[in-house]
Amino acid sequence: MCGIIGYVGPDLCADTLIGALSKLEYRGYDSAGIAVIDEGGALVTRRAEGKLGNLVKRLREEPVDGRTGIGHTRWATHGAPTESNAHPHRSGSIAVIHNGIIENHLELKAELREHGHEFTSETDTEVFAHLVDHYRTVRGLALPEAVRQAVIRLHGAYAVVVVDAKTPGMLVGARMASPLVLGVGEGANYLASDAAALLSHTRDMVFIEDGQVVTLTPGGVELRDVASGELLPVAPVHVTWSPAMAEKGGYKHFMLKEIHEQPRAIGDTLRGRVSLERNAVNLPEVPLTRDDLASFRQIYVVACGTSWHAGLVGRYLFEDLAGLSPHVELASELRYRKAPMDERTLFIAVSQSGETADTLAALRDAKAKGARCIAICNVLGSSIPRECEGTVYTHAGPEIGVASTKAFTTQVAALHLIALHFGRLLGRLDDGAMAAELAALLHVPSVIETLLLAGEAPYEEIARAWHDRTSMLFLGRGSLFPMALEGALKLKEISYIHAEGYAAGEMKHGPIALIDEKTPTIILNPRDGHYAKVRSNLSEVRARSGPVCVVATEGDADAGDAATFCLTVPDVPEHVLPLVMAVPMQLIAYHMADFKGTDVDQPRNLAKSVTVE
Ligand code: G6P
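Definitions and cut-offs
Residues numbered from 1 in each chain as written. Predicted model: local features only at pLDDT ≥ 70, side-chain atom pairs only at ≥ 80, totals over all residues. Heavy atoms only, no water. Phe/Tyr/Trp six-rings, centres within 6.5 Å; stacked < 30°, edge-to-face > 60°. Helix = DSSP H or I, 4+ residues; strand = E, 2+ residues; numbered from the N terminus. Expected span 1.5 Å × (residues − 1). Buried < 20%, exposed > 50% of the residue type's maximum accessible area, 1.4 Å probe, protein only. Near = heavy atom within 4 Å. Polar contact = N/O pair within 3.5 Å; in protein donor to acceptor, adjacent residues only side chain to side chain. Areas by Shrake-Rupley, 256 points an atom, 1.4 Å probe, with all protein chains shown as cover. 1 Å grid on protein atoms, 1.4 Å probe; cavity = no way out; pocket = protein on both sides within 12 Å on 5 of 7 lines; lining within 4 Å. Sits in = over half its atoms within 2 Å of the grid points. Nonpolar A, V, L, I, M, F, W, Y, C, P; charged D, E, K, R; others polar. Pairing = 2+ DSSP bridges. Right-handed = clockwise from strand over helix to strand, strands pointing away. Contact = heavy atoms within 4.5 Å. Axes fitted to C-alpha atoms, helices over the stretch in contact; angles between N-to-C directions. Bend = angle between axes of the 7 residues up to and from the residue. Points joined across faces, edges and corners; volume = space filled by probe spheres on them. Disulfide = S-S within 2.5 Å. Parallel < 35°, antiparallel > 145°, perpendicular 65-115°, else oblique. Left-handed = near helix turned anticlockwise from the far one by under 90°. Domains from an automatic or database assignment.

**Observations regarding the packing of aromatic side chains**
Given two aromatic rings, their pairing is described by the distance between the two centres and the angle made by the two planes. Per the counting criterion, the structure on display carries three aromatic pairs. Ring centres 5.8 Å apart and planes at 80 degrees place the aromatic pair F318 and F422 in the edge-to-face group. Here the residue F318 occupies a position in helix α9 (residues 305-322), and F422 occupies one in helix α13 (residues 406-425), the gap between them amounting to 104 residues.

**Considering helix α16 (residues 481-495)**
In an α-helix, one turn spans 3.6 residues, which is why side chains three or four residues apart end up on the same side. With 15 residues, α16 extends 21 Å from end C-alpha to end C-alpha; this agrees with the ideal 21 Å at 1.5 Å per step. The buried count for α16 comes to 13 of 15 residues, which makes it a mostly enclosed element. Trailing α16 by a residue or two, Y496 shows a phi angle of about 60 degrees, which is positive.

**A few points about the site of the ligand**
The full set close to the ligand counts 14 residues, and S307, S351, Q352, S353 and T356 are the nearest of them. Residue Q352 places a main-chain N or O atom 2.7 Å away from an oxygen atom belonging to the ligand. T356 is positioned with one of its side-chain polar atoms (N or O) 2.4 Å from an oxygen atom of the ligand. Summarising the interface, the protein chains cover 91% of the accessible area of the ligand, which totals 380 Å² for the free molecule. Given that more than half its atoms are within 2 Å of the pocket grid, the ligand belongs to the largest pocket. At three residues, the largest contribution of residues to the shell around the ligand is made by α9. A class-by-class count of the residues in the shell around the ligand yields four nonpolar, eight polar and two charged.

**A closer look at the side chain of T409**
Mapped onto the elements of the fold, T409 is located in helix α13. Judged by its relative accessible area of 0%, T409 is buried. Within the structure, the side chain of T409 is placed 3.4 Å from the backbone oxygen of K406, a separation counted as a polar contact.

**Regarding the pairing of strand β18 (residues 298-303)**
For β18, a buried count of six out of six residues is recorded, marking the element as mostly surrounded by other parts of the structure. Burial of the side chains of β18 extends over both faces: Q298, Y300 and V302 are buried on one face and I299, V301 and A303 on the other. Of the strand pairs in this sheet, β18 and strand β20 (residues 345-351) are connected by five bridges, and their pairing is parallel. Its bridge partner lying in β20, Q298 is registered against T345. The pairing of β18 with strand β19 (residues 327-330) spans four bridges and is parallel. Looking across to β19, one finds that V301 is bridged to V328. Where the polypeptide runs from β18 across α9 and back to β19, its parallel neighbour, the crossover connection is right-handed.

**Some words on the sheet that holds strand β1 (residues 3-8)**
A sheet is described by the order of its strands in space; here eight strands give the open sequence β3-β2-β4-β1-β10-β9-β11-β15, paired in antiparallel fashion. Single-partner strands in this sheet number two, and they are β3 (43-49) and β15 (237-238). With four bridges joining them, β1 and strand β10 (residues 189-192) adopt antiparallel strand pairing. When the sheet's bridge partners are listed, G6 is paired in β10 with L191. In the packing of helix α1 (residues 14-24) onto the sheet, contacts are made with β1, β2 (31-38), β4 (66-74) and β10, and the angle to β1 comes to roughly 155 degrees. Contacting β2 and β3, helix α2 (residues 52-61) runs over the sheet at an angle of about 135 degrees to β3.

**Digging into helix α14 (residues 431-453)**
With 23 residues, α14 extends 34 Å between its outermost C-alpha atoms, agreeing within 8% with the 33 Å of an ideal straight helix rising 1.5 Å per residue. Taken as a whole, α14 carries its principal kink of about 40 degrees at V444; the proline P445 stands between one and four residues after it. Buried within α14 we find M434, E437, L438, A440, L441, V444, P445, V447, I448, L451 and L452. Of the residues flanking the start of α14, the one acting as N-cap is D430, its side-chain oxygen 3.1 Å from the backbone nitrogen of G432. Directly beyond the C-terminal end of α14, a positive phi value near 95 degrees is found at G455.

**Examining the layout of surface pockets**
If you add up the space inside the largest pocket, you get close to 480 Å³. Lining the largest pocket are 25 residues; nearest its centre among them are C304, G305, T306, K608 and V610. Broken down by secondary-structure element, the contributors of at least two residues to the lining of the largest pocket are α9, β20, α11 (357-368) and α16. No other element matches α9, which puts three residues into the lining of the largest pocket.

**Considerations on the state of the cysteines**
Between two cysteines, a covalent bond joining their sulfur atoms is known as a disulfide. Under the criterion given, the structure shown has zero disulfides. Cysteine C549 is unpaired, with the sulfur of C566 as its nearest cysteine sulfur at 7.4 Å. C566 sits in the partly exposed class, given a relative accessible area of 36%.

**Things to note about the packing of α16 against helix α18 (residues 577-596)**
Between α16 and α18, the shortest axis-to-axis distance is 9 Å and the interhelical angle comes to 20 degrees. Overall, the two elements α16 and α18 adopt an arrangement that is roughly parallel. Between α16 and α18 lies a crossing of right-handed hand. Residues M483, G487, K490, L491, I494 and S495 of α16 form the contact with α18, whose participating residues are P578, M581, A582, M585, A589, Y590, M592, A593 and K596.

**Some remarks on the domain arrangement of the chain**
In terms of domains, the chain is made up of domain 1 (3-247), domain 2 (257-449) and domain 3 (454-596). A straight line from the C-alpha centre of domain 1 to that of domain 3 covers 45 Å.

Spelled out as structure tokens, the structure:
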């Protein structure tokens, strides 16, 4: 977690650093800071506890500017979220920013103390500043070489960027297991945690690999292998995301914008991959033959958080459409289990960011055991796709709101495509069934568009009525069980209301004890194969005086009978119902949080990209 940015070029860069940090704040917002080499050649830092706004205020009072600079937004791991623990950290003429965890920092600290270094923070990062300083002053190494030597000493995960007042006009960065993107501009170069932070400056990017160190000057870039010091080729790729995609575009919050972007995002994820003429799914990114598929003894779908919920929806699709029943696992659990895997295992990693530490670790473990690995991912060039044989990229565009919305629905759409592809390869879907599935999937963007156009007044009404509740239940059956989990997760993430998602059929085994007139239940009860059973669960809640919001199919005359609130979704085939049902789940959470006035895009304690374990 943590967001980092570096600039070297002809312009004064404080605003550029702050602008990029505002795009990276989703990665953590416990503190923020910048360091620049000012016009007099002095290294100046400004840091502030809390969100970026506090730093901006500080800079207004005590402005600072320069043409070489670094900036950081922090998600605290080592040391409290105070100003003294905020990055950049300094030693002598050196300032550094870091994303990750330096696992051997205590050992390095002890060593540096013996050389007379004194530390002012509780962070793991500060030792790196001292280590670079030590190599510069004691061994007299040039900055790039000092950074390379210092990086060789580190254990753990890091993306670091270093500036030195003795060498203005230069940035040195390095990466191991935390993302670092080089932006190649005209007469200026950049380093950042992700491509979205750089889009307003350049779309030509180099995704720095683990074990590489990069030196930037305004006019040049030099990439080297950390271990050998050998020069490596620099080959920028052109990113297609547009700068506007990383802006709010008139919406009150990124989350709301991203909810409304779903018709476009799902459409883009399907585009080029569905052929109605050939009645086929086109997925060259998944390099598996029919024989490969038939040889697998097991399939794992592995993810964290909301991406895990997408995986759970995927299991129903894989079972129904391809006759395959994957294990859908939480990466943070699976990586510590001794699950047997071999070359007859297919491992599908699902990750919006492509950087989640647990998903990456579980993937590496599966790979080491011989599993074939593919990814579903939203971020081009991120770590998880780079370690897989093939990646189905979701084309959601940058997702900035910490609570995932469009990334989730595009992951579900991608899993649906893979299930159809596998179903066809294995001969499980006849022409008629395939045509119906494809038509339903292609229709989803316009269905969601209609749902969104219907307006948000009913959600605002629910928020007004229930924003002060302390606990809520979400119930669903079949593929809407994961949607109940997702609805509950969204609500707790951003409104801080405790919520539980449950399989409706399990309610009687525990959660029914929670029901009283103060505990609302959201019941997903469209006209699907589980309609009657879920309807009985609804009656059971009502019989215990529990207030209910039912989410039903449009035109279901009986739906609202027993409910306090009734939301509706268009009547769609069952396999695309989770995609459509995602929208009311997201909007209930959004309006509840907005009514309460919480920080919707940056909820407390969370970060979007969890790159620590
Ligand atoms: C964090 C985010 C979630 C996300 C999860 C997994 O918890 O807040 O929105 O679902 O990480 O992230 P990934 O990038 O691997 O999908």
